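Spelled out, the chains give:
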Amino acid sequence: MKKKTIITAVIAVAAALTAGTASLFIVSSNQAFSAAVNSGQEISAANSENYLSEHNTSAEELTQKWQDSSEGITYLSENGNSIFIYHTCIEKYKYDNATMILIPPLGYDYTVMLPQADYFLEKGFNTVIYDQRMSGRNNGDSFTFGKLEAADLSAVINYLSATTSEELVLSLYTEGTASFTAAYYLSTAYENLIDFAVFENPYPDAKSYISEAVNKRDYLVPEKTAEKLAVSKISSKFGINCEEINCLEMAGSINIPCLVMYQSGCDTYNPSYGKDFFDSLLTERKILAESPSENYSSVFYEDRELFEDSVGELIISLYEE
């Protein structure tokens with residue numbers, strides 16, 4: 001009989017280059033947990049830089065392209081944490097233009113979304129990208145699968161509303177874990193000022209995300225045990241109940257035009273997630289786009305023609321009665 005090893009473990013959330021998600025690592029102490037949280041904030045810029053490099057682009061190049069009409073500001077959430085917001089207009093000070101809010105996934109700072117922002121700017125939108133909690137210059141020290149993240153999004157929208165007296169056309173673009181933020185915001189008591197939303201590779205619930213992240217790595221304990229540890233430790237550390245966080249239920253309250261894009265050809269993302277999220281949306285004004293790409297990344301990179309056609313179809317549909 002093999003000698004049993006007793007492992008005392010806690011789950012630390014640390015950013016990893018897994019294209020739009022983060023990985024869960026088992027570490028041996030609470031000190032390691034704190035270090036991982038701090039590291040998640042410190043390395044998000046490096047994660048973004050590496051990810052952009054893999055896709056043959058750079059934040060510096062895109063920042064220079066729009067530098068005359070861009071500004072970075074720090075804004076306070078209602079929870080008291082500071083949020084770094086990167087705001088770019090198609091023309092300097094043209095704040096009253098339709099604006100796309102791009103939400104980076106966990107583990108990346110705002111720069112990871114600069115290529116998508118560039119695309120929307122070229123199509124005539126203003127753009128806003130901001131650092132989510134535990135990333136970049138956002139000093140929020142927890143990831144709550146949308147609960148506190150939605151308050152940050154609300155603060156970003158308040159900032160935008162204060163830049164002009166005109167009624168703004170606002171939209172959301174999310175990838176991976178950012179879907180929790182958007183789904184929570186759009187389905188709860190926050191004043192909904194969003195006109196349409198784009199969800200790319202959304203997750204159905206917190207447990208599915210944790211399970212997927214755990215299954216990507218080899219542990220010294222069985223996967224089911226690792227999953228239970230993850231759910232338990234994340235819930236206790238961040239004061240949330242992972243069992244109750246269900247994006248499909250949230251989607252049942254979302255009644256604005258939506259585009260859902262997902263990848264069905266890769267092993268690291270369950271294609272039923274995207275389809276189930278789409279089917280759960282309350283709105284009848286919705287578009288589903290399936291990419292067969294095998295490399296789990298953004299559809300923006302892996303299937304650009306599908307991305308552009310689907311976004312174009314959504315925008316055109318907004319003008320239909």
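So, a few notes on the structure that sits alongside this text. Since the structure is predicted, the reported quantities are computational estimates derived from the model, not experimental observations.

As a further point, take the pattern of salt bridges. The final tally for this structure, using the stated rule, is six salt bridges. Salt-bridge contacts for E122 lead to K65; the nearest nitrogen and oxygen are separated by 2.7 Å. Of the two residues, E122 sits in helix α3 (residues 114–122) while K65 sits in helix α2 (residues 59–65), which places them 57 residues apart along the sequence. Exposure remark for K65: the relative accessible area of 45% places this residue in the partly exposed category.

As a further point, take the sheet that holds strand β4 (residues 82–88). One open sheet accounts for eight strands, arranged β3-β4-β6-β5-β7-β8-β9-β10; its pairing is mixed. Each of the sheet's edge strands pairs with one partner strand only, and the pair in question is β3 (70–76) and β10 (286–291). Neighbouring strand axes in the sheet, compared pairwise and without regard to direction, differ in orientation by 20° on average. Of the strand pairs in this sheet, strand β5 (residues 99–103) and strand β7 (residues 170–175) are connected by five bridges, and their pairing is parallel. From the neighbouring strand, I103 faces β7, where its bridge partner is T174. Along the sheet face, helix α4 (residues 149–162) touches β3, β4, β5, β6 (126–130) and β7 and points at about 45° away from the line of β4. On the sheet, helix α9 (residues 271–280) packs against β8 (196–200), β9 (258–263) and β10 and is oriented at approximately 165° with respect to β9.

Turning to its location among the elements, S179 is positioned in helix α5 (residues 178–187). Apart from residues lying up to four places away in sequence, S179 is in contact with T174, F199, P202, Y203 and C247.

Here we take up a negative patch on the surface. A cluster of acidic side chains, namely E305, D309, E313 and E320, defines a negative patch on the protein surface. If you trace the backbone, D309 turns up in helix α11 (residues 304–317).

Our next topic: the packing of α4 against α5. Where α4 contacts α5, the two axes come as close as 8 Å, and the packing angle between them is 75°. Of the possible angle classes, the one that applies to α4 and α5 is roughly perpendicular. Between α4 and α5, the contacting residues are E149, A150, L153, S154 and I157 on the first element and T181, Y184 and Y185 on the second. For the contact of α4 with α5, the per-class residue count stands at five nonpolar, two polar and one charged.

Quick notes on the rules
Residues numbered from 1 in each chain as written. Predicted model: local features only at pLDDT ≥ 70, side-chain atom pairs only at ≥ 80, totals over all residues. Heavy atoms only, no water. Salt bridge = Lys/Arg side-chain N within 4 Å of Asp/Glu carboxyl O. Helix = DSSP H or I, 4+ residues; strand = E, 2+ residues; numbered from the N terminus. Buried < 20%, exposed > 50% of the residue type's maximum accessible area, 1.4 Å probe, protein only. Pairing = 2+ DSSP bridges. Axes fitted to C-alpha atoms, helices over the stretch in contact; angles between N-to-C directions. Contact = heavy atoms within 4.5 Å. Patch = residues over 30% accessible without salt bridge, like charges linked within 9 Å, V, L, I, M, F, W, Y side chains within 5 Å. Areas by Shrake-Rupley, 256 points an atom, 1.4 Å probe, with all protein chains shown as cover. Lys, Arg positive; Asp, Glu negative; His and termini not counted. Charge placed at Lys NZ, Arg CZ, Asp CG, Glu CD. Parallel < 35°, antiparallel > 145°, perpendicular 65-115°, else oblique. Nonpolar A, V, L, I, M, F, W, Y, C, P; charged D, E, K, R; others polar.

Everything listed here is a matter of coordinates, which is why it stays silent on function.
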